[in-house]
Amino acid sequence: MDCRVVVEAAVPVFDVETEDEAIRIAISKTGEMLNPDLNYVEINMGERTSPSGEELPPAFIAADEALVALELEMTVFNVEREEHASRIARKEIGQRLENIPLEVTQIDVLEDEEDDEESDETDESPDAEQADDRAEAASDSDAGADDEDDEEILPEFEDLVE
């Protein structure tokens with residue numbers, strides 16, 4: 001099973017004056033720490049809400065220092081359970097982002113392509129299978145006549161070499 005895991009990170013940024021500047025620096029700083037080893041991790045602005053449900057900007061600034069909420073998304077392949085995917089994502093990202101708190105916020109199970117193909121094959125109707133069988137039987141009965149025609153149309157390999 002493959003899972004898409006979203007991890008929230010609280011990235012500290014120093015010497016900033018505006019929220020936009022803090023967000024840009026936090027994304028850049030996080031990208032530098034993750035690349036080139038984890039260049040497949042997507043970095044997005046996080047979402048924060050107040051206890052009353054009011055939406056807040058992803059950066060909190062105090063005394064020219066900011067704490068920025070970022071969402072890091074990655075796909076984890078061949079896991080047994082969602083908890084396993086969560087642990088792998090936290091470990092992989094956490095190794096590169098030292099001293100940055102992480103919390104898994106979302107785990108989505110991705111559909112396997114093999115499962116989709118199997119369900120497509122089982123969805124065929126019996127009528128379609130019978131039609132396929134009849135077409136194969138008809139082509140088998142014509143095979144003898146076709147073999148004789150092919151011999152006349154296609155020259156032998158030895159004739160082509162000469």
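All residue numbers refer to positions counted from 1 along the written sequence of the respective chain. Totals for whole chains, interfaces and linings use all residues, but because this is a predicted model, local features are given only for residues with pLDDT of at least 70 and pairs of side-chain atoms are given and counted only at 80 or more. Each side-chain value is worked out from all heavy atoms of the structure, with water and hydrogens disregarded.

Note the cut-off: UniProt positions are given in the numbering used here, feature names are shortened, and annotations may be inferred rather than shown by experiment.
In the nomenclature of an unreviewed UniProt entry, the chain corresponds to UPF0212 protein FEJ81_06315 from the organism Natrinema versiforme. In UniProt, the chain has this text filed under Sequence similarities (unreviewed entry): "Belongs to the UPF0212 family."

## Topic: the environment of Asp20
Spelled out, the test is: The secondary structure listing takes helices from DSSP runs of H or I that are at least 4 residues long and strands from runs of E that are at least 2 residues long, numbered from the N terminus. Three labels apply to residues, based on accessible area from a 1.4 Å probe with only protein chains included: buried if under 20% of the type maximum, exposed if over 50%, partly exposed otherwise in between.
When you line up the elements, Asp20 lands in helix H1 (residues 19-34). Given a relative accessible area of 53%, Asp20 falls into the exposed group. The spacing of Asp20 and Pro57 is 37 residues in sequence and 9.4 Å in space, taken between C-alpha atoms.

## With respect to the nonpolar core
Stated precisely, the cut-off is as follows: The definition of a nonpolar core used throughout is a set of buried Ala, Val, Leu, Ile, Met, Phe, Trp, Tyr and Cys residues joined through side-chain atoms within 4.5 Å.
Counting residues in each nonpolar core, the largest one holds 27 residues, and the members touching the most others are Val68 and Ile93. When residues of this core are traced back to their parent elements, those giving at least two are strand S1 (2-14), H1, strand S6 (65-76) and helix H2 (82-96).

## Some thoughts on the side chain of Glu73
This is how the line gets drawn: Contacts are residue-level and defined by heavy atoms, with any inter-residue pair within 4.5 Å sufficient.
Looking at the secondary structure, you find Glu73 in strand S6. Apart from the residues within four sequence positions on either side, Glu73 is in contact with Arg4, Val5, Val6, Tyr40, Val41, Glu42 and Asn44.

## Focus on the pairing of S6
Along a regular strand, successive side chains alternate from one face of the sheet to the other. Test applied: Strand pairing is assigned whenever DSSP identifies at least 2 bridges connecting the two strands.
Counting buried positions along S6 yields 9 of 12 residues, so the element is predominantly enclosed. Looking at chain direction, S1 and S6 are connected through 12 bridges and run antiparallel. In the sheet register, Val7 faces S6, and the bridge partner there is Leu72. Bridge analysis of strand S2 (residues 42-45) against S6 gives 4 bridges, and the strand direction is antiparallel. Bridge pairing in S6 places Glu42 opposite Glu73. In this structure, strand S5 (residues 59-62) lies alongside S6, joined through 4 bridges in antiparallel fashion. The residue bridging Ile61 from the neighbouring strand is Ala66, located in S6. Between S5 and S6, which pair antiparallel and follow one another directly, the connecting turn spans 2 residues, one of which, Ala63, has a positive phi of 55 degrees.

## Details of unusual backbone geometry
Residues Asn35 and Pro36 are joined by a peptide bond in cis, for which omega reads 0 degrees. Mapped onto the elements, Pro36 comes out in the loop between H1 and S2. One non-glycine residue with positive phi stands out, namely Asn99, at about 60 degrees. Of note, Asn99 is situated in the loop between H2 and strand S7 (102-110). Asn99 gets classed as exposed once you look at its relative accessible area, which sits at 78%.

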